[in-house]
Structure formats: structure tokens, C-alpha cells
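Structure at a glance
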Amino acid sequence: MNAIANPKTILLVEDNPDDEALAIRALKRHHVSNQVIVAHDGVEALEYLFCTGMYAERDINFKPTVVLLDLKLPRVDGLEVLRRLREDDRTKLLPIVVLTTSSEEQDMLNSYSLGCNSYIRKPVDFVQFSEAIRQLGMYWLLMNEPPPL
Amino acid sequence: MNPETLAKLRSFCIDEVAFEQLKQTLQAEIQPLEQEIKQAHLLVEQHKALFRAIARLREPLEVEPIFRATAIEVRQLLKSDRVGMFRFYPDSGCNDGEFVSEDVDSAFSSAKEKKISDFCFGDQFAIHYQKGQVQAVADIYNAGLSDCHIKILSQFQVRANLIVPLLQGEKLWGLLCIHQCSAPRRWQQIEIEFVSQIANHLGVALKHAELLRSLRLEIDERQQAELRSQTLNKGLQQAIQELKAVNKELEAFSYSVSHDLRAPLRSIDGFSQALLEDCAEQLDTVGQDYLRRIRLATQRMGHLIDDMLTLSRVTRSDMHVESVDLSRLARGFCTDLQQTDPKRRVEFVIQLGLVAQGDPNLLQVVLENLLNNAWKFTSKHLQAKIEFGAIPQPNGTLAYFVRDDGTGFDMAYGDKLFAPFQRLHASHEFPGNGVGLATVQRIVYRSGGRVWAEAALEKGATFYFTLEAEEVEV
């Protein structure tokens, strides 16, 4: 588990600064990744991934290993982000993990229908939350073989 | 006899005397023939009038124009002075009434719309008229009529009259009256028959009018009923719309509860834990204890929010009714419970073959909650018995029950049992949020049934529920 040598990055799409801080802390603590990019809403996430707007200069060939996507986001919400990513050939295979507070059946159904790879509900208990983040990072960054892009 | 014929006859005769005799003989033969022709002519006219009366019956269904036209025609044909339709007031016992239609010679006064009371009539005559009897009086002063009757008739200058009953079905509705005012008149049989036939046809018109009236009444009633049901429908639709709006609002509310209420809790819990981990050496044991308490409280609140959402989801979810084997479900839960604590000695008694109609997911929640409670509230006893079964209700439906011989509760607090977040035991004794039975109640209500409990302290509890709607007394 050599985090420093790991070039793999995580795109965290999260508008709540507390959740962002706690998620990054958990990732760092478990040495899963020191490369976490944060997008604070749907628009920012799409600009990052498609290299438009404030990320127009970015190299589109550089893709995050996994996207942690909240559903409730300002401007463009998580389901819409998911839909647009799956519509585009450049991102249709990108691993996307929905990480949300909602346990509504409808949200789960919509997320899976749109093609998310996993659906994780954020627990209130921080120890559980931290553990969830650790396993998530371990699995997607270390164990999972990414799609050949 | 025409002059040419007479001249011819004259030439046949020997002298004037013989001719006179021949003429007289011939005339005696011809006269009755002429009379017969006149009668036949009258009969034809009457028949024509009858046909017209029948034809009128086919046209307007209102009796007023039929009466009016018939009165004119009959008076012309019979050359009488007044023809009137007299109507008895309903419920007057055929004592009171008035002429509702009339045709009268201008030389005589009108009898129309004047209340006429004849107290000697109702008792004496009504019954005969009811049977269809006709009265033909050639001279009212010479027919043995009672004084009061004569007085009434003379009021309208009546000298001779022909009275035929107007029957509406079996009921004596009124009288068709033909008056001769100028002089006495001997009514001919042919005239009496004609008037009787006219009266028959007017009876048909009256019957039609009655049918029409009740038909109109019925149409009116139906239209009003339809109007009422339309209003009701409109109100219902509005209520449904409002309910839908409220439901939608509720859905949005619980969605935002699940998202927004949880987020700050996670922050509180997360940063408390971060403090414990990152700044442990700066905190003494008291400080660390406080942080742990904060974390416990936030986690408790997290569970409460979860339970609240479960409760609201039970109400919102769609119902899919099918046959559900409750016995099998109960058996499964009991096995699971025993596995959570294999050391506990609990006897499970499950009645077999209890199949109910309901939503499988919701019924599962009901049984799970009730059996979990039974398991929980027998945990302080070394040995326990948990039963699932059904008993027939007075109305023939089944009441299912889950019975335990555990801690039970005081029935005095029984009404609080099913209210959300109400608990009858301290949480350090028996953990719980007080949502389980509220959830059970909501599901049972949605299925149209009811739920109730019987218990006593330290004598166990029995929870009953039905799944079929019972007849509601309004």
C-alpha cells in the first residue's frame, strides 16, 4: 500500500465542506490516496471530466480512477451528472460510486439504471463512515482493474 | 219530392184524389227514411269527433288543450249550452271541486274556476260514478233531485244535464258535464253513448298526464341526484387533488429529512471522533467522556431519523396484494431470532397454514416487529414461550396474534402503545425507539384491519391484528 507512489486519483463530488473534510481525512488516514480532487457541484464535476470551463486547460487523457458522487448537489444534481457521463463515449466506462445520504429506493433505482458502479449510503456514525471510505478506496484504487480506456 | 217525379206520378193517377192518396202514402214511407238518414249523418259526425278526440290524445300530453278542444267540439255536435270538465279536489272526498275547462254559449254565464261544494254529492253519488254510471236528467226540477243539488245546478242556469264520470284509472277524477240551460232536453241513447266514449278517451288523456307528471318528477329527481353526485364528485376530486399535493409535499419533506438532517449529524459525530483521535493528548478523561456522549447522542438521533423514514415509507409505498403464508414467515423469523442468541431457551409455537391476503413486504414488517418485541420482552426470563396463531372473530374474519409470556405491560398505558416514539419501558431495560408498533399499526390500518393488545405486568402480552376491513357503522 504505497500511497506516495500511487498516481491514481479520486474525484470527490461533494458540496458539503464538512463531508469533504471528513472524507479526505478518512482517505488520508488510511493512506488510500493523497490525490483527491474535489468538485463542489455538478457543473464543476462535468467541467473537470470534460476539460471545459475552469478546467479547459486540463489534459483530457488524465482521468480519475474513481468518481465519488453525491446525489444532492447545487446547479446540476448527481443523477444528471451520472446521465451525462454515461452518454459520453469518453466517460461511459468511468467507475462511478454514488456516495449519498439518501436511502430512498427511488434514488438507488435511478442511480443503478443510469449506470453507477456502486451505491454507498453515508452512515451517521463516523467510525462506520471512515471504514466505508477506507474500503471504498482500497477496492476501487487497489483491487479493481480499471476499464481499458 | 222533386216536381218532375211528382208530374210523372200524376200522369199515373186517374184523378186528383188518387194522386193525393198516393202522395200521402209515399210520404209516410219516406219520412222515417229521412229521419234515419239524419241519424246516420249525426252518427258519422260523432264518429268523426271521436276520431279527432283520439287523434288529439296522440299529440300534446297536457290535458288542458285536450279538454278545451273537446269541450268546443262536443258542444257544437250536441247543440248544448255548456260543456264542462269538473274536477274534484284531491282528498276532498268528492265533495268539492271546480270546472277546470269549459265551452259555454255566450247567453249563459261561465261556471269555470268557481269552487263548488256539494256535501250531498260525495256520499250519495260518488260511488255510482266511480263504477261508471251516467246520469241523464231531462229536467232538473222534475227528476227527484235533492234541494241542495238543484240549488247548485240552478246557480249555473242548468235545466237539463248529462253527467259522465271522468276516471283516471280506478280513481274518480271528475265529471264530464253537458248542460242544457235554455230548456229541458231529453237525452238520446246515441248522445249518451257518444259522451261516454268521449269521457273514456279523456280518461286516457288523464292517465297519460298522470304518467307524464310522475315521469317528469322522476326525471327531476334524477337530474337533481345527478347534480348532487356531480357536486360530490367534484368535491372528492378536489380532495384527491389536495391529498396528492399533500402527499407530494410529504415525500419532498421526508426526502429532505433523510438528506439534510443527517448531514449535520455526520459532521458532529465525525469531528468529535476526529477530536478524540487527533487531539487525544490535549483532552483529559472528562473531556473525552463528553465527546463520547456527543457521539452517542448523534448516533441515537441518526437512528431516530432512520426509523422515522421507515415509518413514513410504510405509509407511502405502493401496496401489492397477494397470498402470503404468514406461518412460514413467522417460522423464518423465529429461526433467525434463536440464532441471534442460541443460548436462550424459548419455545416457539406456530399455527400452521395461516395464509392471508396482503402486501408481502408490509406483512413481513408486521410479523418481524411483533416477533422481535416478543423476543425482546421475554429476554429477562430464563424460559419463555412465543406463539403465533389466529382466532376467529365474531364477524367470521380471523384475528392473528403474537403472544409471549414475558414482561408484559400495564394496560392502563395501553393507549400509548401504538403512538410513534412512545415507550412503556426504559431504554436501558429494553432498547428501542418506539417506532415498531407505530409501524405495525400503520400497515394494519392500510390493509383495512385493526390492531390491539392484551397484557398484564409480568404476565406477558398478546398482540392481535386483522387484515380485512370490518363493517363500519355510520
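Residues numbered from 1 in each chain as written. Chains lettered and ligands numbered in written order. Predicted model: local features only at pLDDT ≥ 70, side-chain atom pairs only at ≥ 80, totals over all residues.

**Description of the overall build of chain A**
Helix and strand counts for chain A come out as five helices and five strands. Reading the secondary structure of chain A in the N-to-C direction produces β-α-β-α-β-α-β-α-β-α. By the burial criterion, 37% of the 149 residues in chain A qualify as buried. (Helix = DSSP H or I, 4+ residues; strand = E, 2+ residues; numbered from the N terminus. Buried ≥ 20, exposed ≤ 12 C-beta atoms within 10 Å, placed from the backbone.)

**Some words on the overall build of chain B**
Counting its regular elements, chain B contains eleven helices and 13 strands. Looking at chain B residue by residue over its 474 residues, the buried ones come to 27%. In chain B, the share of contacts with a sequence separation of at least 24, taken over all contacts with a separation of at least 6, comes to 63%. (Contact = placed C-beta atoms within 7 Å.)

**With respect to the interface of chain B and chain A**
Listed per partner, the contact involves 15 residues of chain B and 16 residues of chain A. Where the side of chain B that touches chain A is concerned, the elements lending two or more residues are α7 (189-278) and α8 (285-316) of chain B. A total of twelve residues in the side of chain B that touches chain A trace back to one element, the largest contributor, which is α7 of chain B. Its residues assigned to classes, the side of chain B that touches chain A shows four nonpolar, eight polar and three charged. (Nonpolar A, V, L, I, M, F, W, Y, C, P; charged D, E, K, R; others polar.)

**So, the sheet that holds strand β11 (residues 398-404) of chain B**
All names here are of chain B. With respect to topology, five strands assemble into an open sheet ordered β8-β10-β11-β13-β12, the strand pairing being mixed. Looking at which strands have only one partner, the edges of the open sheet turn out to be β8 (345-350) and β12 (451-455). Along the sheet, successive strands turn relative to each other by an average axial angle of 15°, direction set aside. By the bridge criterion, five bridges tie β11 to strand β13 (residues 461-465) in an arrangement that is antiparallel. When the sheet's bridge partners are listed, Phe 401 is paired in β13 with Tyr 464. On the sheet, helix α9 (residues 326-340) packs against β8, β10 (383-392) and β11 and is oriented at approximately 175° with respect to β8. (Pairing = 2+ DSSP bridges. Axes fitted to C-alpha atoms, helices over the stretch in contact; angles between N-to-C directions.)

**Some thoughts on helix α1 (residues 17-29) of chain A**
Residues and elements named next belong to chain A. Taking 1.5 Å per residue as the helical rise, α1 with its 13 residues ought to reach 18 Å, and the 18 Å between its terminal C-alpha atoms agrees with that figure. Along α1, the positions that sit buried rather than exposed are Asp 19, Leu 22, Ala 23, Ala 26 and Leu 27. Down the axis, α1 shows its buried residues gathered within 135° of arc, on one side only. A positive phi of about 50° marks His 31, the residue just after α1. (Expected span 1.5 Å × (residues − 1). Arc of directions from axis to C-beta.)

**Some thoughts on the confidence of the model for chain B**
Here chain B shows a mean pLDDT of 85. Residues at 70 or above account for 96%. Quick note on the complex model: pTM equals 0.51, ipTM equals 0.71. (pLDDT = per-residue confidence, 0-100.)

**A short note on the sheet that holds strand β4 (residues 135-137) of chain B**
All names here are of chain B. Pairing within the open sheet is antiparallel, and its six strands lie in the order β3-β2-β1-β6-β5-β4. Each edge of the sheet is formed by a strand with only one pairing partner; in this case those strands are β3 (116-117) and β4. Inspection of the sheet shows strand β5 (residues 160-168) paired to strand β6 (residues 171-180) by nine bridges, in the antiparallel sense. Paired with Ala 160 across the bridge in β6 is Gln 180. Strand contacts of helix α3 (residues 63-78): β1 (82-88), β2 (96-104) and β6, with the helix running at about 60° to β2, the strand carrying the most contacts.

**Overview of the nonpolar core**
Residues and elements named next belong to chain B. Of all hydrophobic cores here, the largest spans 40 residues; its most connected members are Leu 326, Ala 330, Val 366, Leu 367, Leu 370, Leu 371 and Phe 465. Those elements that place two or more of their residues in this core are α8, α9, α10 (360-377), β10, β11, α11 (436-446), β12 and β13. A total of nine residues in this core trace back to one element, the largest contributor, which is α10. Here Val 366 is in contact with Val 440, Ile 443, Val 444 and Phe 465, once residues within four sequence places are set aside. Core analysis: the second largest hydrophobic core is formed by 38 residues, Phe 67, Ala 71, Val 158 and Val 195 among them. (Core = buried A, V, L, I, M, F, W, Y, C linked by C-beta atoms within 7 Å.)

**Observations regarding the pairing of strand β4 (residues 96-100) of chain A**
Taken residue by residue, a regular strand's side chains alternate between the two faces of the sheet. Residues and elements named next belong to chain A. Taking burial as the measure, the five residues of β4 include four buried ones, the bulk of the element. Sheet topology note: the strand β3 (residues 66-69)/β4 ladder contains three bridges and is parallel. Note that in β4 the partner of Val 67 across the bridge is Ile 96. A crossover links β3 with its parallel partner β4, the connecting element being helix α3 (residues 78-87), and its sense is right-handed. As defined by bridge partners, β4 adjoins strand β5 (residues 118-121) across four bridges and the pair is classed as parallel. (Right-handed = clockwise from strand over helix to strand, strands pointing away.)

**Focus on the packing of α9 of chain B against α10 of chain B**
All names here are of chain B. One way to put it is that α9 packs onto α10 with a least axis distance of 10 Å and a crossing angle of 40°. When the axes of α9 and α10 are compared, the pair comes out oblique. At the point where α9 passes α10, the crossing takes the right-handed sense. Together, Leu 326, Leu 329, Ala 330, Phe 333, Cys 334 and Leu 337 of α9 and Leu 363, Gln 364, Leu 367, Glu 368, Leu 371 and Trp 375 of α10 make up the contact between the two elements. Among the residues forming the contact of α9 with α10, the class breakdown is ten nonpolar, one polar and one charged. (Parallel < 35°, antiparallel > 145°, perpendicular 65-115°, else oblique. Left-handed = near helix turned anticlockwise from the far one by under 90°.)

**Section: unusual backbone geometry**
Residue and element names in this part refer to chain A. Here the phi dihedral of Cys 51 falls at roughly 55°; this positive angle occurs in a residue that is not glycine. Topologically, Cys 51 is positioned in the loop between α2 (42-50) and β3. C-beta crowding within 10 Å serves as the criterion here: with 15 such atoms nearby, Cys 51 is assigned to the partly exposed category.

**Looking at the environment of Val 74 of chain B**
All names here are of chain B. Locating Val 74 in the fold gives a position in helix α3. For Val 74, a count of 22 C-beta atoms within 10 Å gives the class buried. The spacing of Val 74 and Ala 53 is 21 residues in sequence and 9.8 Å in space, taken between C-alpha atoms. With sequence-adjacent residues up to four places away left out, Val 74 is seen in contact with Val 83 and Ile 198.

**What to know about the packing of α3 of chain A against helix α4 (residues 105-114) of chain A**
Residues and elements named next belong to chain A. At a minimum axis distance of 9 Å, the contact between α3 and α4 shows a crossing angle of 15°. When the interaxial angle is binned, α3 and α4 end up roughly parallel. As α3 packs across α4, the resulting crossing turns out to be left-handed. On the side of α3, the interface is formed by Leu 79, Leu 82, Arg 83 and Arg 86, while α4 contributes Asn 110, Ser 111 and Leu 114. Of the residues belonging to the contact of α3 with α4, the class tally is three nonpolar, two polar and two charged.

**Regarding the environment of Gln 130 of chain B**
Residues and elements named next belong to chain B. Along the chain, the position of Gln 130 falls in helix α5 (residues 126-130). Residue classification places Gln 130 among the partly exposed positions, given that 14 C-beta atoms sit within 10 Å. Each C-alpha atom, one on Gln 130 and one on Leu 172, is 5.4 Å from the other, the two residues being 42 residues apart in sequence. Those residues in contact with Gln 130, other than ones at most four positions away along the chain, are Pro 165 and Leu 172.

**With respect to the confidence of the model for chain A**
Of the residues in chain A, 94% reach a pLDDT of 70 or more, and the chain-wide mean stands at 85. Residue range residues 1-6 of chain A is modelled with pLDDT below 50. Its contacts to residues more than four positions away, or to other chains, number eight contacts.

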